[in-house]
Each structure stands twice: as C-alpha cells, then as structure tokens.
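The lines below spell out each chain.
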Amino acid sequence: MQVKSIDFLLTFKCPSRCKHCSYRAGPERTGFMSLRDAERWLTELLNTQPLKSFTVHGGEPFLYFEVLKGIFRKVKELGVQERWVITNGYWAKDFKIAKEYLNELKEAGLLGITFSVDAFHQEYIPLETVRTGIEAAVQIGFEKVAVDSYFLGCEDSDNEYDISTENTISSLKGLSDVQFSRFKATFEGRAAELIADDTEIENKVPTGKCQFPFWLGGDLKNPEGIEIDFEGNVTLCPGISIGNAKSESLVDILKGYDYRNYPIIKILAEEGPIGLMDLAREKGYERERKYINECHLCYEMRRFLYLYYSQYLKPASCYSG
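Residues numbered from 1 in each chain as written. Predicted model: local features only at pLDDT ≥ 70, side-chain atom pairs only at ≥ 80, totals over all residues. Heavy atoms only, no water.

## Regarding the pattern of salt bridges
- Under the defined criterion, the tally for this structure stands at 16 salt bridges.
- For arginine 131, the salt bridge is made with glutamate 128, and the minimal N-O distance between the two is 3.5 Å. Placement of the pair is arginine 131 and glutamate 128 together in helix α4 (residues 127-140), with a separation of three residues, close to one helical turn.
- Each of Arg24, Glu193, Glu300 and Arg303 takes part in salt bridges that share partners, so that together they form one network. (Salt bridge = Lys/Arg side-chain N within 4 Å of Asp/Glu carboxyl O. Helix = DSSP H or I, 4+ residues; strand = E, 2+ residues; numbered from the N terminus.)

Written out as structure tokens, the structure reads:
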C-alpha cells in the first residue's frame, strides 16, 4: 500500500454529541493520542510512504491543544505539503482568544483549517462562536479556510435538518476567502440510529459498489489514504480496521496489506455491501428494513457481524455506545 494521505483522530471526546457522528463522539468519551505515538507513526510513514496530505480531527482536536501543536510541529519538520485540522470552532469564544489559538497553530505548522457548520453541529455550538473563529482564521492568513456542511438529502431537500443547514450556510456566505463544501451524511454510527428515519428511503436494497471515503483516495483494493485513531486502529473507513499501530509495526501493516486477507474488506471489494447482507443472513440476520444507500446497508450489516468479526471492525465505539 502506498499512502499519500493520513488522518489522525486525536480523540473521540467532543463538546458536541452530533446526531450524524460516525464515531459517536461526545463529552463523555475519554482518551487522546499521545504526542509520542503521533511522532512515531509520522516518522515511520514519512520514511516509507509518499505522504503528501495530513489532517487532524476527532472528536474535537482543540480539546488537547498542546498535543495538537506538537503534532503539527512534527509534520512541518517532516515536510508534509498539506497540513489541515478540522474543528467545530467551540474554542472561539471571542476574537482575541481565537487569534491566540490560531496564531500558535500557524506557527507550529498548520496551513489550512476546516470548520464544521451544519444543523448537527449548531445544535451544540453557537453559530456566532464559529463565525468568530472563521473570521480570525481569514485575518491570520491561512492558505485555506473552509466550511464543510453535511446534508441528509439533495439540495432541494425539505427535511428539517437540511433546511436548517441551508439557512446557516447562507448566513455565512458574506465571509470572504472562505471555501464552502457540501457533503451527504453517511449513515454510520449514531446517524444510523438517530436520523436514518428522517431521510427518504427507496423501497429496495441497494446493490451498488462500496462508496470508499473520497477524502482517502483509491479504493479498498488499492487505498491511497488511512486514518489512525488514538487507540491505534488503522482504518480505511469508520469501523473497518486493517490493524493496530500500537501492537504492530505500522510499516508492516501497510506493507503487508492485501484486501483478500480481511474477510469484511474482501466481500466489500468484490461484491459490494450486498455481499455483507448475504454473510449476515448466513449468521442469522433476519431483520427487514429499508436502507438509505450502500453505506447505510454496509454499516447495518457490520453492526450485526461485529460479534463474529470484532478484530476487523474497530474502533468498537462505531458500533455501540
């Protein structure tokens, strides 16, 4: 496996408990990535992989600010070209505080910052707080300042979440030098339980291919990116693991990757999520329900199969809690 991008999930702790969160992040979660682990994994990767892009998110990475700064110092030292953080902006209580945080991160090596803004995040974080953070980031002069928003449906969707998100984004459109991006929520983790029923669902089982995370690049057979969480899980998608970097060499995990050696990944790569349904039925799955898309089907099957394939379905928090 040749990795061009990597995401660190610094923590699953977060001041929010967003309904669409794949990792079920929230205030009650504990644990975070040590700087020692982060530096070791980065060094291993840069010695063996053509890494070009690096992002830290969570959870909420600003909760462990000193570790966050240390990570970006290391990434800058190692010469990674693209260096991003994703945040909900809770820390931008006023303009002075926001600039202090962002100036320290820019000095450490941060080049771009993405703010999460939509109905799910704004249930917990006041929009004016986030606006303050965005304005501070623009004034400081990061290479890129972005706003990412998640929707349940298409642009003309009339569900309450999408209407709220549309109105929220519209109120920020006057900000200059900000890149706005729209994405469809994936129905994994908390989203499968809390908001799937708020989405229009066709009365058929999706039979398409695996929708591999676009931000990682490649596909399950030849992935170009990975994520590593603070527990050491090396994942290709929320809840699908190829090893643990705390108990195995990260270099060996990537060097030895062959999708055919992972039963869940093999089925997804060769048959798509519908193949997981066949496997689940062999194991006794009987529930009849509608599935929004291939990702939703995949997650529901993985949640059922977790009992049988827990070593490949990590972190466990994606499936319960």
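## Section: the pairing of strand β3 (residues 82-87)
- Strand direction decides the pairing type here: strand β2 (residues 53-57) and β3, joined by four bridges, are parallel. By the bridge assignment, phenylalanine 54 is partnered in β3 with arginine 83.
- As a crossover connection, the stretch from β2 through helix α2 (residues 65-78) into β3 is right-handed.
- As judged from the four bridges shared by β3 and strand β4 (residues 112-116), these two strands associate in the parallel manner. Within the sheet, the bridge partner assigned to threonine 87 lies in β4 and is phenylalanine 115.
- Taken together, β3, helix α3 (residues 95-108) and β4 constitute a β-α-β crossover, and its handedness is right-handed. (Pairing = 2+ DSSP bridges. Right-handed = clockwise from strand over helix to strand, strands pointing away.)

## Some thoughts on unusual backbone geometry
- In the segment running from glycine 58 into glycine 59, the intervening peptide bond is cis, with an omega of 15°.
- Among the secondary structure elements, glycine 59 is positioned in the loop between β2 and α2.
- In this model, lysine 314 is joined to proline 315 through a cis peptide bond whose omega is 0°.
- Relative to the helices and strands, proline 315 is located in the segment after α10 (294-305).
- Phi at arginine 24 takes a positive value of approximately 55°, unusual for a residue other than glycine.

## Points about the side chain of histidine 20
- With respect to the helices, strands and loops of the structure, histidine 20 is situated in the loop between β1 (5-9) and α1 (35-48).
- For histidine 20, a relative accessible area of 11% puts it in the buried group.
- Setting aside residues up to four positions removed in sequence, histidine 20 forms contacts with Asp118, Phe120, His121, Tyr150, Thr186, Ala191 and Ile195. (Buried < 20%, exposed > 50% of the residue type's maximum accessible area, 1.4 Å probe, protein only. Contact = heavy atoms within 4.5 Å.)

## So, the pairing of strand β8 (residues 233-237)
- A large share of β8 lies buried, amounting to five of its five residues.
- One ladder, built from two bridges, connects strand β7 (residues 225-229) with β8; its direction is antiparallel. Counterpart to isoleucine 228 in the pairing with β8 is valine 234.
- Hairpin connection of β7 to β8: three residues between the antiparallel strands, including glycine 232 at a positive phi of 100°.

## Concerning the environment of glutamate 107
- Looking at the secondary structure, you find glutamate 107 in helix α3.
- Linking glutamate 107 and arginine 73, residues 34 residues apart in sequence, is a C-alpha distance of 8.4 Å.

## Here we look at the environment of glutamate 193
- Mapped onto the secondary structure, glutamate 193 falls in helix α6 (residues 190-194).
- Classification of glutamate 193 as partly exposed rests on a relative accessible area of 41%.
- Setting aside residues no more than four positions away along its own chain, glutamate 193 makes contact with Arg24 and Arg303.
- Within polar-contact distance, the side chain of glutamate 193 engages the side chain of arginine 24 at 2.8 Å. (Polar contact = N/O pair within 3.5 Å; in protein donor to acceptor, adjacent residues only side chain to side chain.)

## A look at the state of the cysteines
- Per the counting criterion, the structure on display carries zero disulfides.
- In this structure cysteine 14 is a free cysteine whose sulfur lies 6.1 Å from that of cysteine 18, the closest cysteine sulfur available.
- The class of cysteine 14 is buried, set by a relative accessible area of 10%.
- Among the cysteines around cysteine 298, which has no disulfide bond, cysteine 210 carries the closest sulfur, lying 6.1 Å off. (Disulfide = S-S within 2.5 Å.)

## Some points on the environment of lysine 93
- Within the fold, lysine 93 resides in the loop between β3 and α3.
- In this structure the C-alpha to C-alpha distance between lysine 93 and glutamate 28, which are 65 residues apart in sequence, comes to 22 Å.
- At 3.0 Å, the side chain of lysine 93 forms a polar contact with the backbone oxygen of tyrosine 90.

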